Amino acid sequence: MSTPLYEARGIERSFGSVQALQGADFDVRPGEVSALIGDNGAGKSTLVRILSGADRPDAGEIFFEGKPVSLETPTDARVRGIETVFQDLALANHLDPIQNMYLGRELARPGVLGKLGFMDRAQMRQVGQAAFSDLGATVRDFESPVGGMSGGQRQAIAVARAAAWASKVIFFDEPTAALGVVQTKGVLDLIRRIRDKGIGVVLISHSMPHVLEVADRVHVLRHGRRAAVMNSADTNVEELVGAMTGALDGKEAAA
Amino acid sequence: MTATTTVSSGTGVGGQQPGRPNGFGARVQHMMRAQAMQIVLVWLGIVAVFTALAPGSFFDVTNFRNIAISVSILAILGVGTTFIIVTGGIDLSMGSVLVFSGVVSSLVMQSIGDGQGWFVSIIGICVALLSGLAWGLLNGVLVAKAKVPPMIVTLGTFVAALGLAQVLTGGLDLRAAPEVLVDTVGFGDVFGVPSLVIISALVVIGGIILLNRTRFGLHTSAVGSNAEACRRVGIKVDRQLIKVYAFAGLLAGLAGLLNLAFFRSTTIAGHSLTNLDVIAGVVIGGTSLFGGVGSVFGTVIGLLIPATLRNGFVILGVEPYWQQVVVGAFLIGAVYVDQARRAAAARNTTRKTLFSRIFRRSSEQK
């Protein structure tokens, strides 16, 4: 087993009187899909927001490649190669797929024109299209606004964008919630391909079959704590549901 | 950025067809291009009708010159307003900022020496630009940082800037402007093209390039399209909004100077409806009031249509009030087309609107 690439220990976070996280632990290993499951209100979203820099913990430590880090903004996470695909995809609907991929990281033209803010659109188009095809993302139209594309296409664009920039860790927040059967399979295939590049993938999902299909390890969150970690090969839906609901309290599988 | 792409090298472009016209997206794009073209066709149609009705007096170089001059100051305001509307905002203040900038510029210029010459003019130009910039910054900070809705912020500065201009002048128009400025900028021309039109054209071309080719323009669209997505990828949304409002303010300051040089007056009472004229032009030109997408070129055409109607009606001897009725109808029609287009995009279909059906059919018959 490889050592954790990204690790959270004892994360606490409260919103008013609600304690969303009460000492949660989590770890991501390179080249592995870690699923994060839990009932509504278990603290999944809060934990992901904290680990992607969108929120800050009240207490606890975060380690990246073995060193403690403090993430103030999403940019702090992104410069370390940590990307997140949010449930709402966070795409600018009026921009095309390439513009979305490079949003906030546009390539400047060389020389004076670049200093004036001109972008190297040809280069972005070339590398961007290569990135999409590299992932097998079936984006057919690179020049139209993404707002007019299907849910599956938009999901593929958001995933490909994260994959293009993530060199270490990607979080997927409910990537299949709004998709049909075929699109879901496409996204799960994308997740495997990203993992095979040696990137640590975190999958947040409500769908137990998808989790068991694609994840290597499953982290179960309950009442703001990690209730169990299981190898997906050694577990089943009943056991996961049991851990989520508390029926299997005390059974912490050594991962 | 230090984030590396895992795929930036070693992979060819092969395997993917560049998105050439096929599929729904390309059709949307086609429609959007058609929207800009539609508005040009509408304008050409108006020109053709007036030409047929009054061939001698309407279709005449001097007359087109007049139309161009009447649009040039509005077009400069229109460029800034297009950027603001693309962010999903609105600017009601530009007419008052124009007046205020003209007033301050005029006051400063008449207080320096004899108030003549290029040195004084250049100071006046700088003062006008800075006055506009200051109001734009104020608008931007209130919108982006204080989170006051843009309509309220710019309604407030609309009233306040006009009020301050009246305080500074006692409500009486100033007429002080250096002769050189009036002769070169106000009434000068280069090879028969009025300076006013040249300056305006340069601003418009600059605006088109800025919106379509630069990072600033892309971020302007992106902020209007999905501000939260911009925040997540690290774009400083507040700063972008402040820059856009400041840019629009700067252009309003420039317009104030041109206005002063052309009319030799600060025209304090003359710009209470300028904001509505400009916004109408922006909207007729196809810029969505909901933000995210817009066209500076469309805005210019959108401003040319009312100006051409006004001009043509005067030549034909039609009551000029009719022009207002027609412009009002155009405005509503333009927003209807925009709505139908966005609804079609949201529904993922290309349901044809009445408007597009008429144009589609006419273009297919060719």
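What counts as what
- Residues numbered from 1 in each chain as written.
- Chains lettered and ligands numbered in written order.
- Predicted model: local features only at pLDDT ≥ 70, side-chain atom pairs only at ≥ 80, totals over all residues.
- Heavy atoms only, no water.
- Pairing = 2+ DSSP bridges.
- Helix = DSSP H or I, 4+ residues; strand = E, 2+ residues; numbered from the N terminus.
- Axes fitted to C-alpha atoms, helices over the stretch in contact; angles between N-to-C directions.
- Contact = heavy atoms within 4.5 Å.
- Core = buried A, V, L, I, M, F, W, Y, C linked by side-chain atoms within 4.5 Å.
- Buried < 20%, exposed > 50% of the residue type's maximum accessible area, 1.4 Å probe, protein only.
- Domains from an automatic or database assignment.
- Phe/Tyr/Trp six-rings, centres within 6.5 Å; stacked < 30°, edge-to-face > 60°.
- Lys NZ or Arg CZ within 6 Å of the ring centre and 35° of its normal.
- Patch = residues over 30% accessible without salt bridge, like charges linked within 9 Å, V, L, I, M, F, W, Y side chains within 5 Å.
- Areas by Shrake-Rupley, 256 points an atom, 1.4 Å probe, with all protein chains shown as cover.
- Salt bridge = Lys/Arg side-chain N within 4 Å of Asp/Glu carboxyl O.
- Polar contact = N/O pair within 3.5 Å; in protein donor to acceptor, adjacent residues only side chain to side chain.

(A) Up close: the sheet that holds strand S10 (residues 225-231) of chain A. Residues and elements named next belong to chain A. Taken in spatial order, the 6 strands line up as S6-S7-S8-S3-S9-S10 in an open sheet, and their pairing is mixed. Looking at which strands have only one partner, the edges of the open sheet turn out to be strand S6 (82-85) and S10. On average, each strand axis in the sheet is inclined to that of its neighbour by 20°, with strand direction left out of account. Two strands pair when backbone bridges link them, and strand S7 (residues 169-173) and strand S8 (residues 200-204) are joined in this way by 5 bridges, in the parallel orientation. Within S8, the residue paired with Phe172 across the bridge is Leu203. Set on the sheet, helix H1 (residues 44-51) makes contact with strand S3 (33-38), S6, S7, S8 and strand S9 (217-222); between it and S3 the angle comes to about 140°. Its contacts with the sheet place helix H9 (residues 237-245) against S3, S9 and S10, and it is angled at close to 30° to S9.

(B) Quick look at the nonpolar core. If you look at the biggest cluster of nonpolar residues, it comprises 143 residues, and the most contacted ones within it are Ile170(A), Phe172(A), Ile191(A), Ile194(A) and Ile305(B). The leading source of residues in this core is helix H11 (residues 237-263) of chain B, at 16 residues. Looking at which domains feed residues into this core, each of domain 1 (1-81 + 167-255) and domain 2 (91-165) of chain A supplies at least three. In contact with Ile194(A), other than residues within four places in its own chain, are Leu135(A), Val159(A), Ala163(A), Ile170(A), Phe172(A), Ile199(A) and Val201(A). Core analysis: the second largest hydrophobic core is formed by 25 residues, Phe26(A), Val28(A), Ala42(A) and Phe64(A) among them.

(C) How the structure looks around the packing of aromatic side chains. Tallied over the entire structure, the rule returns 14 aromatic pairs over all chains. An angle of 90° between the planes, with centres 5.5 Å apart, marks the rings of Phe59(B) and Phe64(B) as edge-to-face. Its relative accessible area of 24% is what places Phe64(B) among the partly exposed residues. Among the aromatic residues, those joined into a ring-pair cluster are Phe50(B), Phe58(B), Phe59(B), Phe64(B) and Phe313(B). Arg9(A) extends its terminal NZ or CZ atom over the ring of Phe63(A), reaching a point 4.2 Å from the ring centre. In this arrangement the basic side chain of Arg232(B) is found over the ring face of Phe86(A), its NZ or CZ atom lying 3.9 Å from the centre.

(D) A look at a nonpolar patch on the surface. Residue and element names in this part refer to chain A. A cluster of nonpolar side chains, namely Val112, Leu113 and Leu116, defines an oily patch on the protein surface of about 300 Å² accessible area. Residue position: Leu113 is located in helix H4 (residues 112-115). Taking relative accessible area as the criterion, Leu113 reaches 38% and is therefore assigned partly exposed.

(E) The environment of Arg105(A), seen in detail. Residues and elements named next belong to chain A. Among the structural elements, Arg105 can be located in the loop between helix H3 (97-101) and H4. Relative accessible area serves as the criterion here: at 7%, Arg105 is assigned to the buried category. Along the primary structure Arg105 and Trp165 are separated by 60 residues, whereas in three dimensions their C-alpha atoms are 9.8 Å apart. Within the structure, the side chain of Arg105 is placed 2.8 Å from the side chain of Glu83, a separation counted as a polar contact.

(F) Here's a closer look at the sheet that holds strand S2 (residues 18-28) of chain A. All names here are of chain A. Strand order across the open sheet formed by 4 strands is S2-S1-S4-S5, with antiparallel pairing between neighbours. The open sheet is flanked by S2 and strand S5 (67-69), the only strands paired with a single partner. Between one strand axis and the next, the sheet turns by 30° as a mean value, whatever way the strands run. Note that strand S4 (residues 59-64) and S5 share 3 bridges and pair antiparallel. By the bridge assignment for S5, Phe64 is matched with Lys67. Against the sheet, H1 makes contact with strand S1 (6-15), S2 and S4, and its axis sits at roughly 120° relative to S1, the strand it touches most.

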